[in-house]
Amino acid sequence: MQFTDTLLTWFEENQRSLPWRGECDPYKIWVSEIILQQTRVQQGWDYYLRFVEAFPSVRHLAEASEEQVLRLWQGLGYYSRARNLHTAAQQIRDLHNGKFPDQYEDIRKLKGIGDYTAAAIGSIAFGLPYPAVDGNVLRIISRIFGICEDIADPATKRTITDICKQHIDVRKPGTFNQACMDFGAIQCTPKSPKCGGCPFQQSCFAFGHQLTETLPIKSNKIVKKERHFHYTFYIYNNSTVIEQRTGSDIWKNLYQFPLHESAKPTTKAKPTAEFREVLTHQIINAKFYTKVLKKEPVLTAEQKLVNIEELSKYPMPKIMTLFIDTLDIDR
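Every value quoted in this text rests on a predicted model; they were computed, and no experiment measured them.

Draft legend 1. Region of interest: the sheet that holds strand β5 (residues 273-278). Taken in spatial order, the four strands line up as β4-β1-β6-β5 in an open sheet, and their pairing is mixed. With one partner strand each, in any of the chains shown, β4 (259-262) and β5 form the two edges of the open sheet. The average angle at which neighbouring strand axes cross in this sheet is 25 degrees, direction not considered. Relative to β4, strand β1 (residues 225-235) runs antiparallel, the two sharing four bridges. Paired with Tyr231 across the bridge in β4 is Leu259.

Draft legend 2. Representation of helix α5 (residues 66-73). Among the residues making up α5, those that are buried are Val69, Leu70 and Trp73. Angular distribution of buried residues about the axis of α5 spans 95 degrees; they occupy a single face of the element. Lining the buried residues of α5 we find α2 (26-35), α3 (41-54), α4 (58-63) and α6 (80-95). Positive backbone phi, at 100 degrees, marks Gly75, one or two positions downstream of α5.

Draft legend 3. Examining helix α10 (residues 154-167) more closely. Given a rise of 1.5 Å per residue, 14 residues ought to cover 20 Å, and the 20 Å separating the end C-alpha atoms of α10 matches this to within 8%. If you check which residues of α10 are buried, you get Thr156, Ile160, Thr161, Ile163, Cys164 and His167. End-on view of α10: buried residues confined to an arc of 155 degrees, all on one side of the axis. Projecting away from the buried face of α10 at angles above 90 degrees are the exposed residues Pro154, Arg158 and Gln166. On its buried face, α10 is in contact with α1 (2-14), α9 (135-145) and α11 (173-187). Sitting at the amino-terminal end of α10 is Asp153, which places a side-chain oxygen 2.9 Å from the backbone nitrogen of Ala155.

Draft legend 4. Examining the packing of aromatic side chains more closely. Tallied over the entire structure, the rule returns 20 aromatic pairs. Ring geometry for Phe229 versus Tyr231: centroids 6.1 Å apart, planes at 85 degrees, classification edge-to-face. Pair check on accessibility: Phe229 and Tyr231 agree, each one buried. Plain terms: the ring middles of Phe288 and Phe323 are 4.4 Å apart, the flat faces sit at 0 degrees to each other, and that makes the pair stacked. Of this pair, Phe288 sits in strand β6 (residues 282-292) while Phe323 sits in helix α13 (residues 318-324); the two residues are 35 residues apart in sequence, bridging distant segments of the chain. Residue class for Phe288 comes out buried when judged on its relative accessible area of 0%.

Draft legend 5. Here's a closer look at the nonpolar core. In this structure, Trp30, Phe51, Leu61, Trp73, Tyr231, Trp251 and Phe257 are the most contacted members of the largest nonpolar core, which totals 67 residues. With seven residues, helix α8 (residues 115-126) is the single largest residue contributor to this core. Beyond its immediate sequence surroundings of up to four residues, Trp73 is in contact with Ile34, Ile35, Tyr47, Phe51, Tyr78, Tyr79, Arg81, Ala82 and Leu85. In terms of nonpolar packing, the next biggest core, distinct from the first, is built from 27 residues, Ile141, Cys188, Cys204 and Leu215 among them.

Draft legend 6. Broad picture of the environment of Ala273. Along the chain, Ala273 turns up in strand β5. Exposure remark for Ala273: the relative accessible area of 14% places this residue in the buried category. Sequence spacing of Ala273 and Asp102 is 171 residues, and the spatial spacing of their C-alpha atoms is 50 Å. Leave out the neighbours within four places in its chain, and Ala273 touches Ala286, Lys287, Phe288 and Phe323.

Draft legend 7. Layout of the packing of α9 against α11. In contact at an axis separation of 8 Å, α9 and α11 are set at 80 degrees when each is read in the N-to-C sense. Here α11 runs roughly perpendicular to α9, going by the angle between their axes. Side by side, α9 and α11 meet where Asn136, Val137, Arg139, Ile140 and Ile144 of the first sit next to Cys180, Met181, Phe183, Gly184 and Ala185 of the second. Partitioned by chemical class, the residues of the contact of α9 with α11 number seven nonpolar, two polar and one charged.

Draft legend 8. Spotlight on the packing of α1 against α11. Where α1 meets α11, the axes come as close as 9 Å, and the angle between the chain directions of the two elements is 70 degrees. If you check the angle between α1 and α11, you find them roughly perpendicular. Classified by chirality, the crossing of α11 by α1 is left-handed. Contacts between α1 and α11 involve Phe3, Thr4, Leu7, Leu8, Trp10, Phe11 and Asn14 on the former and, on the latter, Thr175, Phe176, Gln178, Ala179, Cys180, Asp182, Phe183, Ile186 and Gln187. Partitioning the contact of α1 with α11 into residue classes produces 10 nonpolar, five polar and one charged.

Draft legend 9. Spatial organisation of the sheet that holds strand β3 (residues 255-256). Here three strands make up an open sheet; going across it, the order is β3-β2-β7 and the pairing antiparallel. The open sheet has two free edges, formed respectively by β3 and β7 (303-307), since each of these has just one partner strand. In the sheet, strand β2 (residues 239-244) pairs with β3 via two bridges, with the strands oriented antiparallel. The residue of β3 that forms the bridge with Glu243 is Gln256.

Draft legend 10. Representation of the side chain of Arg139. Residue placement: Arg139 occurs in helix α9. Although Arg139 is buried, it makes no salt bridge; Asp134 carries the closest opposite charge, 7.3 Å away.

Cut-off values and rules
- Residues numbered from 1 in each chain as written.
- Predicted model: local features only at pLDDT ≥ 70, side-chain atom pairs only at ≥ 80, totals over all residues.
- Heavy atoms only, no water.
- Pairing = 2+ DSSP bridges.
- Helix = DSSP H or I, 4+ residues; strand = E, 2+ residues; numbered from the N terminus.
- Axes fitted to C-alpha atoms, helices over the stretch in contact; angles between N-to-C directions.
- Buried < 20%, exposed > 50% of the residue type's maximum accessible area, 1.4 Å probe, protein only.
- Arc of directions from axis to C-beta.
- Contact = heavy atoms within 4.5 Å.
- Expected span 1.5 Å × (residues − 1).
- Polar contact = N/O pair within 3.5 Å; in protein donor to acceptor, adjacent residues only side chain to side chain.
- Phe/Tyr/Trp six-rings, centres within 6.5 Å; stacked < 30°, edge-to-face > 60°.
- Core = buried A, V, L, I, M, F, W, Y, C linked by side-chain atoms within 4.5 Å.
- Parallel < 35°, antiparallel > 145°, perpendicular 65-115°, else oblique.
- Nonpolar A, V, L, I, M, F, W, Y, C, P; charged D, E, K, R; others polar.
- Left-handed = near helix turned anticlockwise from the far one by under 90°.
- Lys, Arg positive; Asp, Glu negative; His and termini not counted.
- Salt bridge = Lys/Arg side-chain N within 4 Å of Asp/Glu carboxyl O.

Remember, this is a structural readout, not a statement about activity or role.
What follows is the structure, encoded as structure tokens:
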């Protein structure tokens, strides 16, 4: 098939050099795929190397504590990915005797693994002929084949998946999927795609109809919710109070200073520091207030009094570490 041959030829000449490229261990492929969800390659590169060094196998990850896993994940964000990795490793240990499952349906049942990730792992590690359809694939197929329907519509995604099924190289499906990923990341980028040197230029629908900046069509725009967090940094001797987040909100099981959230910004007191963090569906406006205590504080069940110099031992959201980095402490 011309599309497949052209794509694989391009990949052979232009593929990225990545620490997991050429990897056959399904565990390491899985870790790399989860890290790359919502994370750029350059940011995730060092995290991947540290993660597989600390947890070199499924069993090592399964036997670790959640706090150890979250601490190693700190700074990557989307911490549900780390919790799901940990849970899935325990599933593999308990249900598959520690051996990573080699069938698509079994991979898909693991916590935190969807259609794309199951297809990526299955195709690369086990040669299973399932197309891995992510944002890159939705974009390049929409442009090259002229899919002008909304890619947020499940029917459109099924159409694109069917096109990939028709063109995937069943002899090396993992190479086909990786070629699609790299082509979308390097050549057919979201903005200003490199059409000048594109091997599909003559056959690309979007290029021929001057629609490269229009396709793919995606109608649902995420409206981000503004939230206002007020943290209190208590100082008692050389210690401070931290608490663990619970419930189903962001940053579950991570640690923070005692928090009060307000519906609107407040200006009653001057903060020690202010930070703003933009997440996928919300924007966190954080203010930190310092308060020196003369008496030992009374703690709730979720709180603990810890030495300020040992704060780095606890997994925390990025916005907390930004404040801690401003403190003059020896860590």
